[in-house]
Amino acid sequence: FFSCAGAGAALADAVVVPGVVHSLTTPRVLTMTFEEGCSVTDIDALRKMNISPSLVTKLLCETFCSQIFLGNFVHCDPHPGNVLIRQHPNCAAGTPQLVLLDHGIQ
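Residues numbered from 1 in each chain as written. Predicted model: local features only at pLDDT ≥ 70, side-chain atom pairs only at ≥ 80, totals over all residues. Heavy atoms only, no water.

Novice: Lay out the pairing of strand β3 (residues 83–87) in plain terms, naming residues and giving numbers.
Specialist: For β3, a buried count of 4 out of 5 residues is recorded, marking the element as mostly surrounded by other parts of the structure. Note: β3 against strand β4 (residues 96–100), 5 bridges, orientation antiparallel. Note on β4: the bridge partner recorded for valine 83 is leucine 100. (Buried < 20%, exposed > 50% of the residue type's maximum accessible area, 1.4 Å probe, protein only. Helix = DSSP H or I, 4+ residues; strand = E, 2+ residues; numbered from the N terminus. Pairing = 2+ DSSP bridges.)

Novice: Can you break down the pattern of salt bridges residue by residue, with the values?
Specialist: A full pass over the atoms with the stated rule returns 2 salt bridges. With a shortest N-O distance of 2.8 Å, glutamate 35 and arginine 86 are connected by a salt bridge. Here glutamate 35 is found in the loop between β1 (15–16) and β2 (38–39), whereas its partner arginine 86 is found in strand β3, with 51 residues between them in sequence. (Salt bridge = Lys/Arg side-chain N within 4 Å of Asp/Glu carboxyl O.)

Novice: Provide a residue-level description of the sheet that holds β4, including the pertinent values.
Specialist: The strand order across the open sheet formed by 4 strands is β1-β4-β3-β2, and the pairing between neighbours is mixed. Here the strands that pair on one side only, and so sit at the sheet edges, are β1 and β2. Across the face of the sheet, helix α2 (residues 53–69) comes into contact with β1, β3 and β4 while running at roughly 45° to β4. (Contact = heavy atoms within 4.5 Å. Axes fitted to C-alpha atoms, helices over the stretch in contact; angles between N-to-C directions.)

Okay, structure coming up:
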């Protein structure tokens, strides 16, 4: 969905969904690649990265609205442990990048 060819292409660079490690995944266990980030609710960590909580809120809203209204699905387990924020590696300082963990649960 968040690929360059998917319905969420406008957010492809701003949202990361870890890749599935197929050799370690079973019908009952989803194993994904490790991604760095802090919890979306960790305001102190966001401030240390010079990331504005309002930019994070905007990105979260755009991401979930895009999933619902363009993709007709949504991440079904979006608690703070599954929604991480980090400094976008290819953008100016203070630009957030969203990491959605356990996105395979629908």
